[in-house]
Amino acid sequence: MTMPRRNPRPDPGRRGRRAPTWGPDPVRAAERERRRREVCAGKARYATEAEARAHALMHQPGPGPRPNAYRCDVCDGWHFTSRR
Ligand SMILES: [Zn+2]
């Protein structure tokens, strides 16, 4: 299983003071997992990235902000981020 890479730059040597995305706190981890499942359930799912992109093109053929496809660990499919 491949992990989605959100940060293309590893930036070694300089570690910020921001909390880790996936911290050791089990409560936060559980909350995050719950939210992920909620998001997953509320989104359209695509079997492959290619399929997701094809749908994106159908819905938004012109220039403009494109939704970002990402692989979902919950359902093993692909969703789009909902940012505009
Ligand atoms: Zn999903």
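Look above for the structure.
Residues numbered from 1 in each chain as written. Predicted model: local features only at pLDDT ≥ 70, side-chain atom pairs only at ≥ 80, totals over all residues. Heavy atoms only, no water.

## Structural notes on the environment of Tyr46
Summarising the element assignment, Tyr46 is placed in the loop between α1 (26–41) and α2 (49–59). The exposure class of Tyr46 is buried, given its relative accessible area of 10%. Measuring from C-alpha to C-alpha, the distance between Tyr46 and Ala69 comes to 9.5 Å, with 23 residues separating the pair along the chain. Sequence-distant contacts of Tyr46, that is, excluding residues within four places in its chain, are made with Glu51, Ala52, His55, Gly77, Trp78 and Phe80. (Helix = DSSP H or I, 4+ residues; strand = E, 2+ residues; numbered from the N terminus. Buried < 20%, exposed > 50% of the residue type's maximum accessible area, 1.4 Å probe, protein only. Contact = heavy atoms within 4.5 Å.)

## Focus on the environment of Ala50
Along the chain, Ala50 turns up in helix α2. Judged by relative accessible area, Ala50 falls into the exposed class, the value being 58%.

## Details of the environment of Arg6
Looking at where Arg6 falls in the secondary structure, it is placed in the segment before α1. Along the primary structure Arg6 and Tyr70 are separated by 64 residues, whereas in three dimensions their C-alpha atoms are 9.6 Å apart.

Bear in mind that shape data such as this cannot, by itself, settle questions of function.
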